[in-house]
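# Survey of secondary and tertiary structure
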Amino acid sequence: MGRKIRMGLVGCGRVAENHILAAGKCADVEITAVAGGRKSGELGKRIGAKVLDVEEICASSLVDALCILTPPQFHYRYTMEAIKAGKHVLVEKPVSFSVDEIKEMKWAAEEKGVVCMPGHSYLYLPELVRMKKTLEEKRLGNPGYLYLAENYYMPPELTVKYTGPETDVLCHQLYLSLAFLGKPIRLSAFRTNIEGGANQTGGPQISVMMEYDRGTVAQIFVSWAAEDHSSDPWTFKIKIIGNQGSMHFSRRDFVENVGEGFEQSLYQEMFDREMKWFLEECIGRGNQPLSTMEDAKWVCRLHGLVMKAIEEKKVVEVSEWIK
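Let us look at the structure shown here. All figures in this text were calculated on a predicted structure; none of them were measured in a lab.

Turning our attention to the overall build of the protein. Counting its regular elements, the protein contains 12 helices and 15 strands. In terms of C-alpha radius of gyration, the protein reaches 20 Å, essentially the compact-globule figure of 20 Å for 323 residues. Residues classed as buried in the protein amount to 54% of the 323 residues present. For the protein, the proportion of contacts with a sequence separation of at least 24, taken over those separated by at least 6, is 69%. Counting only carbon and sulfur atoms, one obtains 50% of the accessible surface of the protein, whose full area is about 15,100 Å². Charged side chains of the protein number 40 positive and 43 negative; the gap between the two group centres comes to 2 Å.

Another aspect to go through is the sheet that holds strand β11 (residues 236-242). Across the sheet, seven strands lie side by side as β12-β11-β7-β10-β9-β8-β15; this open sheet has mixed pairing. One side of each edge strand has no neighbouring strand; the edge strands of this open sheet are β12 (245-250) and β15 (316-317). Of the strand pairs in this sheet, β11 and β12 are connected by six bridges, and their pairing is antiparallel. If you follow Lys 237 over to β12, its bridge partner there is Ser 250. Those strands touched by helix α11 (residues 293-312) are β8 (186-193), β9 (204-211) and β15, and its axis lies near 65° from that of β8.

This part takes up a positive patch on the surface. Among the surface-exposed residues, Arg 14, Arg 38, Lys 39 and Lys 161 lie close enough to one another that they form a single positively charged patch. Here Arg 38 lies in the loop between β2 (29-35) and α2 (40-47).

To continue, consider helix α5 (residues 99-112). Compared with the 20 Å implied by 1.5 Å per residue over 14 residues, the 20 Å span of α5 between its first and last C-alpha is a close match. Among all positions of α5, only Val 99, Ile 102, Met 105, Ala 108 and Ala 109 are buried. Among the structural elements, α4 (75-84), β6 (116-119) and α11 are those in contact with the buried residues of α5. Looking one or two residues beyond α5, the residue adopting positive phi is Gly 113, at roughly 75°.

This model, assessed by the stated rule, comprises eight aromatic pairs. Centroid distance Tyr 145 to Tyr 147: 6.3 Å. Interplanar angle 25°. Geometry classified as stacked. Joined through ring pairs, the aromatic side chains of Tyr 122, Phe 236 and Phe 249 make up one cluster. Looking at Lys 183, its charged tip hangs above the ring of Trp 298, at a distance of 4.8 Å from the centre. The ring of Trp 298 carries the charged tip of Arg 301 above its face, separated from the ring centre by 4.9 Å.

For the rest of this paragraph, the subject is the pattern of salt bridges. Taken as a whole and judged by the stated rule, the model has 21 salt bridges. The salt bridge involving Arg 46 is made with Glu 42; its shortest N-O contact spans 3.0 Å. With Arg 46 and Glu 42 both in helix α2 and four residues apart, this pair spans about one turn of that helix. On the basis of relative accessibility, which here comes to 45%, the residue Glu 42 falls in the partly exposed class. Each of the salt bridges in this network shares a partner with another, and the network as a whole consists of Arg 3, Arg 6 and Asp 64.

A word on the pairing of strand β1 (residues 5-10). Counting buried positions over the six residues of β1 gives five, a clear majority of the element. Direction of pairing for β1 relative to β2: parallel, over a ladder of six bridges. Bridge pairing in β2 places Gly 8 opposite Ala 33. Following the chain from β1 across helix α1 (residues 14-24) to the adjacent parallel β2, one finds a crossover that is right-handed. Direction of pairing for β1 relative to strand β4 (residues 65-68): parallel, over a ladder of four bridges. Bridging across to β4, Gly 8 finds its partner in Leu 66.

In this section: the sheet that holds β2. Whenever strands of a sheet pair, they do so through backbone hydrogen bonds, lying parallel or antiparallel. What the six strands build is an open sheet, ordered β3-β2-β1-β4-β5-β6; its pairing is parallel. Of all strands in the sheet, those bounded by a partner on one side alone are β3 (50-51) and β6.

The next point concerns the side chain of Thr 70. Tracing the backbone shows Thr 70 in the loop between β4 and α4. Looking at Thr 70, the relative accessible area reads 13%, which means it is buried. Here Thr 70 is in contact with Val 10, Gly 11, His 75 and Tyr 78, once residues within four sequence places are set aside.

How each quantity is defined
Residues numbered from 1 in each chain as written. Predicted model: local features only at pLDDT ≥ 70, side-chain atom pairs only at ≥ 80, totals over all residues. Heavy atoms only, no water. Helix = DSSP H or I, 4+ residues; strand = E, 2+ residues; numbered from the N terminus. Rg over C-alpha atoms; globule rule 2.2 N^0.38 Å. Buried < 20%, exposed > 50% of the residue type's maximum accessible area, 1.4 Å probe, protein only. Contact = heavy atoms within 4.5 Å. Areas by Shrake-Rupley, 256 points an atom, 1.4 Å probe, with all protein chains shown as cover. Lys, Arg positive; Asp, Glu negative; His and termini not counted. Charge placed at Lys NZ, Arg CZ, Asp CG, Glu CD. Pairing = 2+ DSSP bridges. Axes fitted to C-alpha atoms, helices over the stretch in contact; angles between N-to-C directions. Patch = residues over 30% accessible without salt bridge, like charges linked within 9 Å, V, L, I, M, F, W, Y side chains within 5 Å. Salt bridge = Lys/Arg side-chain N within 4 Å of Asp/Glu carboxyl O. Expected span 1.5 Å × (residues − 1). Phe/Tyr/Trp six-rings, centres within 6.5 Å; stacked < 30°, edge-to-face > 60°. Lys NZ or Arg CZ within 6 Å of the ring centre and 35° of its normal. Right-handed = clockwise from strand over helix to strand, strands pointing away.

Structure representation (structure tokens):
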């Protein structure tokens, strides 16, 4: 690829650490600048990167590409500023809750000839690439049922940094369902809270049911209410059942002892593989991301329909609301 790609990080919170680890495993990138958040000074000093204001980093000559790792409401602004300055962009999920904003990001990147890649990271894990390919090859026959779960207890000190599982988590399951099955024809959804003093955060939970034109049903369950320490934990789980076969994935299929507990190694691996694809395939070879900005638009639309189904307590026909 020639000289190393100079990377900047916009947003210096928890997920920045995953991107730093991922970049450290790639030979063709160096993190040259960071911006955003009260931890930016400490982070920049620790990794030897220049600390800039957010307004500076998007146009800075110190960077060729940016990872936009801020809360979602800032994604559009910083992504557009970076694209206009000719920077490649990896923008974390959810890309935006506005289809029009995603369209503008996509058009701007195409006009400038730069990469704008959604941070739909799970699709870069080999196990999920295999699931998608197996479905495309119809080796499972007709898929009857897709189950996607993400289930853990979110402590109060972290809960205050996020909006809720329907905002910060559900997009994972929506882009995976889109990759595996395409667009549903109708959906319903519920949001509840687990009552009781034991759940200081309120225990929010989201359940979504989606029906597809070939008779397939998908179920999504996302919860911040409790940990699952059973023999088959649903921390992050996918199951596909077809009339000729079935497949299973759990993020806890691979754990490593790190002294004071066990680390889910596949969690970091998805960032590693996503970063490698962004640098080598997208920037280096001009190939498409495994999940595109077009997919990001559909994730945004489906999220909006899920929220509509929750608010109106009704089954939503997808075709009636997608214009």
